[in-house]
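Tertiary structure, described
Now for the letters of each chain:
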Amino acid sequence: MKIAICTNESKKSQSVVKELIQKINAQEQLTLDYENPQTVISVGGDGTLLKAFHQYKNKSDSIEFVGVHTGHLGFYADWRDFELDELIVSLCTKERMKVSYPLLEIEVLLNDESKHTYLALNESTIKSVTTTMVCDLSISGELFESFRGDGLAFSTPTGSTAYNKSVGGAVVHPSIPAMQITEIASLNNRIFRTLGSPMIISENEWASIDLKQAESYIVTIDHIVVVRANIQSIRYKIADQKIHFASTKHMHFWNRVRDAFIEEVN
Ligand code: NAP
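Each chain carries its own residue numbering, running from 1 in the direction its sequence is written. Note on the predicted model: pLDDT of at least 70 is required for a residue's local features to be given, and 80 or more for side-chain atom pairs to be given and counted; whole-chain, interface and lining totals, by contrast, use all residues. Excluding hydrogens and water, the side-chain values take into account all heavy atoms of the structure.

**So, the pairing of strand S9 (residues 133-139)**
Buried, partly exposed and exposed residues are distinguished by accessible area as a fraction of the type maximum, computed with a 1.4 Å probe on protein chains only: under 20%, between the cut-offs, and over 50%, respectively. Secondary structure elements are defined from DSSP: runs of H or I of at least 4 residues count as helices, runs of E of at least 2 residues count as strands, and each element is numbered from the N terminus. A large share of S9 lies buried, amounting to seven of its seven residues. Pairing between two strands requires that DSSP report at least two bridges joining them. In the sheet, S9 pairs with strand S10 (residues 142-155) via seven bridges, with the strands oriented antiparallel. Directly across from Ser-138, in S10, lies its bridge partner Leu-143. As defined by bridge partners, S9 adjoins strand S13 (residues 206-211) across five bridges and the pair is classed as antiparallel. What sits directly across from Leu-137, in S13, is Ile-209.

**So, the pairing of strand S12 (residues 199-202)**
The alternating pattern of S12 places Met-199 and Ile-201 on a buried face, while none of Ile-200 and Ser-202, on the opposite face, is buried. Summarising the sheet, strand S11 (residues 178-186) and S12 pair through four bridges and their orientation is antiparallel. Each residue of the ladder has a partner; that of Met-179, found in S12, is Ile-201.

**Regarding the pattern of salt bridges**
Two side chains that carry opposite charge are able to pair once their charged atoms sit near each other. For this document, the term salt bridge refers to a Lys or Arg side-chain nitrogen within 4 Å of an Asp or Glu carboxyl oxygen. This model, assessed by the stated rule, comprises six salt bridges. When the shortest N-O distance is used, the salt bridge between Asp-85 and Lys-23 registers 2.9 Å. Placement of the pair is Asp-85 in helix H3 (residues 84-92) and Lys-23 in helix H1 (residues 11-25), with a sequence separation of 62 residues. Given the relative accessible area of 22%, Lys-23 is considered partly exposed. One salt bridge connects Asp-136 with Lys-212, and the closest N-O pair in it is separated by 3.2 Å. Here the residue Asp-136 occupies a position in strand S9, and Lys-212 occupies one in the loop between S13 and strand S14 (217-221), the gap between them amounting to 76 residues. Judged by its relative accessible area of 48%, Lys-212 falls in the partly exposed class.

**Focus: the site of the ligand**
Note on terminology: near, applied to a residue and a molecule or strand, indicates that one of the residue's heavy atoms is within 4 Å of it. Close to the ligand lie 16 residues; Asp-46, Gly-47, Glu-123, Thr-161 and Ser-166 are nearest. Glu-123 is positioned with one of its side-chain polar atoms (N or O) 2.5 Å from an oxygen atom of the ligand. Between an oxygen atom of the ligand and a side-chain N or O atom of Ser-166, the distance comes to 2.5 Å. In isolation the ligand exposes 830 Å². Once the protein is present, 62% of that is buried. Put simply, the parts of the chain that give the shell around the ligand at least two residues each are helix H2 (46-56) and helix H4 (163-166). Per-element accounting of the shell around the ligand gives the leading share, three residues, to H2. In this count, Pro and Cys sit with the nonpolar residues alongside Ala, Val, Leu, Ile, Met, Phe, Trp and Tyr, while Asp, Glu, Lys and Arg are called charged and the others, Gly among them, polar. Taken together, the residues of the shell around the ligand break down into five nonpolar, eight polar and three charged. Each of domain 1 (2-97 + 247-261) and domain 2 (103-240) contributes no fewer than three residues to the shell around the ligand. Pairs of N or O atoms are called polar contacts if they sit within 3.5 Å, as long as, within protein, a hydrogen donor faces a hydrogen acceptor (for residues adjacent in sequence, only side-chain-to-side-chain pairs). Working definition of accessibility: Shrake-Rupley area with a 1.4 Å probe, residue cover restricted to the visible protein chains. For the domains described, the bounds stem from an automatic or database domain assignment.

**Considering the domain arrangement of the chain**
Assigned domains of the chain: these are domain 1 (2-97 + 247-261) and domain 2 (103-240). Taking only C-alpha atoms into account, the centre of domain 1 sits 30 Å from that of domain 2. Residue-level contacts link 12 residues of domain 1 with 17 residues of domain 2. Applying the counting rule to domain 1 against domain 2 returns zero salt bridges. The interface formed by domain 1 and domain 2 includes three residue pairs in polar contact (both at pLDDT 80 or more). In what follows, a contact means two residues having at least one pair of non-hydrogen atoms within 4.5 Å.

**Digging into unusual backbone geometry**
One non-glycine residue, Glu-113, adopts positive backbone phi at about 75°. Relative to the elements of secondary structure, Glu-113 occurs in the loop between strand S6 (98-110) and strand S7 (115-120). One non-glycine residue, Asp-222, lies in positive phi territory at about 55°. By secondary structure assignment, the location of Asp-222 is in the loop between S14 and strand S15 (224-228).

**Re the state of the cysteines**
Two cysteine sulfurs form a disulfide in these notes if their separation is within 2.5 Å. As enumerated under the stated definition, the model contains zero disulfides in all. Cysteine Cys-6 is unpaired, with the sulfur of Cys-92 as its nearest cysteine sulfur at 20 Å. Judged by its relative accessible area of 9%, Cys-6 is buried. For Cys-92, a relative accessible area of 24% translates into the label partly exposed.

As structure tokens, then:
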């Protein structure tokens, strides 16, 4: 089993990585390989796992991710730092269970007709740099509404507990293959009208926005920020590709939600 480790700068993470490397080196079946890993272990938080995903996303079909958290309990980082021995045993087990979650595919069409495709684990957002964003939002090719406001967020189920939740989106169970569209400060009055509530669309549908102004836009893909001046339209859909996690004794999802947002689960 070839393993790569991604981590953050924190002292705690660095010391967990040191211990993890010692334990990997002590096992004949496990080797460190940062070029062609079969398993990528992220040590840090959910943000660290997002970065690990983007580092290896081109190979993510053949990779299993494992998240060890060194801060508070994460949604992607769900192994604890005191469970390293158990993690090593699990990595040495051939018949391991895995869980797969949906990703978001974002296709940006520029005015010169060139296309740029991105993959997000949490979400993609779009905002206008200076003025109110004006766009037509279509679902599966049919015009749904004309949007005016700060912007829109398009989230995966696992991203529903991230930025999506902060802008009033619903928390979605990660096994539901759907995309959530959430408004960011929409303008609603007698002249301009949008649905005004988040929408969850199925994996067989897609959403697209046609931008109405020759403006600069800030497009985020998870933690990555792209500023572009010449966007014509963007199409969002649940990707064919998925992210795979080496299955753990995964905590009950709604307990994890409770633990993260309401109170600690004993
Ligand atoms: P970041 O500092 O890496 O992350 C911001 C916070 O979001 C961290 O506490 C991180 O958890 C948490 N987070 C990341 N993915 C999550 C998920 N799926 N469910 C619940 N919490 C999650 O920020 P960044 O590098 O700018 O952007 C990374 C992500 O952070 C974005 O994809 C976005 O979803 C989120 N974010 C949220 C807001 C907001 O809610 N207003 C603002 C900016 C970014 P850890 O501490 O475990 O890393």
